[in-house]
Amino acid sequence: MKRLAIILSFLLLIGISCNKQPDLEKALQTFAIEAEADISDYEVILFIPLEGCGSCIEHSTEFYQNNCDNTNILFVFCTYKPYAYDFLKNNNRGNVVIDKNDVAIQNKILSTAPIVYKRNNNKYKHLGVITADFDFNQLFINQFR
């Protein structure tokens, strides 16, 4: 009986330790599949939730408006509301994804503030949460233009 308890405890421990949160690469790949977005061509992915930190979102959407032609950046707008952002209504750019089903949020890629991920050695790395005073020039302009 004691032996059975030890074996069950061991199996339980293995099950718990193997049940980790998915790593960033897996989460991004899941997002790409579920949102039908090809992320492989982009050096930077900027996720912008359209609900949450208002000043952070405004700062990020302003960056989008000024840099939407930069093909090194994938812009992902989450929780799309057509009446909220007119600049997205007629978007035909290949570097913009509208995540209408909150796939990024469900995969814990972002929450209520915009987030930037950058590819390095074919793996994406979390660069930071975008706040109202975030300096995009420091991260993007000099590197991609």
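You'll find the structure just up there.
Residues numbered from 1 in each chain as written. Predicted model: local features only at pLDDT ≥ 70, side-chain atom pairs only at ≥ 80, totals over all residues. Heavy atoms only, no water.

K.L.:
Where do I start with the nonpolar core in this structure?
P.N.:
In terms of nonpolar packing, the biggest core is built from 20 residues, with F31, I45, F47, V76 and I109 touching the most fellow members. The set of elements that each furnish at least two residues to this core consists of α2 (24-34), β1 (44-49), β2 (73-78), α4 (103-106) and β4 (115-120). A per-element tally of this core places α2 first, with four residues. Once you skip the residues sitting within four places of it in the chain, V76 turns out to touch F31, I45, L46, F47, I48, V97 and D99. (Core = buried A, V, L, I, M, F, W, Y, C linked by side-chain atoms within 4.5 Å. Buried < 20%, exposed > 50% of the residue type's maximum accessible area, 1.4 Å probe, protein only. Helix = DSSP H or I, 4+ residues; strand = E, 2+ residues; numbered from the N terminus. Contact = heavy atoms within 4.5 Å.)

K.L.:
Before we go on, may I ask you to explain helix α3 (residues 54-67) in this structure?
P.N.:
An α-helix turns once per 3.6 residues; consequently, residues spaced three or four apart project the same way. With 14 residues, α3 extends 20 Å between its outermost C-alpha atoms, agreeing within 8% with the 20 Å of an ideal straight helix rising 1.5 Å per residue. Every buried residue of α3 is accounted for by C56, I57, S60, T61, F63, Y64 and N67. For α3, the buried positions fall inside an angular range of 155° around the axis, keeping them on one side. In this structure, α3 carries E58 and N66 as exposed residues pointing more than 90 degrees from its buried face. (Expected span 1.5 Å × (residues − 1). Arc of directions from axis to C-beta.)

K.L.:
I keep staring at the packing of aromatic side chains and nothing clicks. Help me out?
P.N.:
For any two aromatic rings, the description comes down to two numbers: the centre-to-centre distance and the angle of the planes. As enumerated under the stated definition, the model contains five aromatic pairs in all. Pairing F31 with F47 gives two aromatic rings, centres 5.2 Å apart and planes at 75°, and the pair type is edge-to-face. Taken together, the residues F31 in helix α2 and F47 in strand β1 connect sequence positions 16 residues apart. A relative accessible area of 0% places F31 in the buried class. Plain terms: the ring middles of Y64 and F77 are 5.0 Å apart, the flat faces sit at 85° to each other, and that makes the pair edge-to-face. In this pair, Y64 sits in helix α3 while F77 sits in strand β2, placing the two residues 13 residues apart along the sequence. Through successive ring pairs, a cluster of aromatic residues spans F63, Y64, F75 and F77. (Phe/Tyr/Trp six-rings, centres within 6.5 Å; stacked < 30°, edge-to-face > 60°.)

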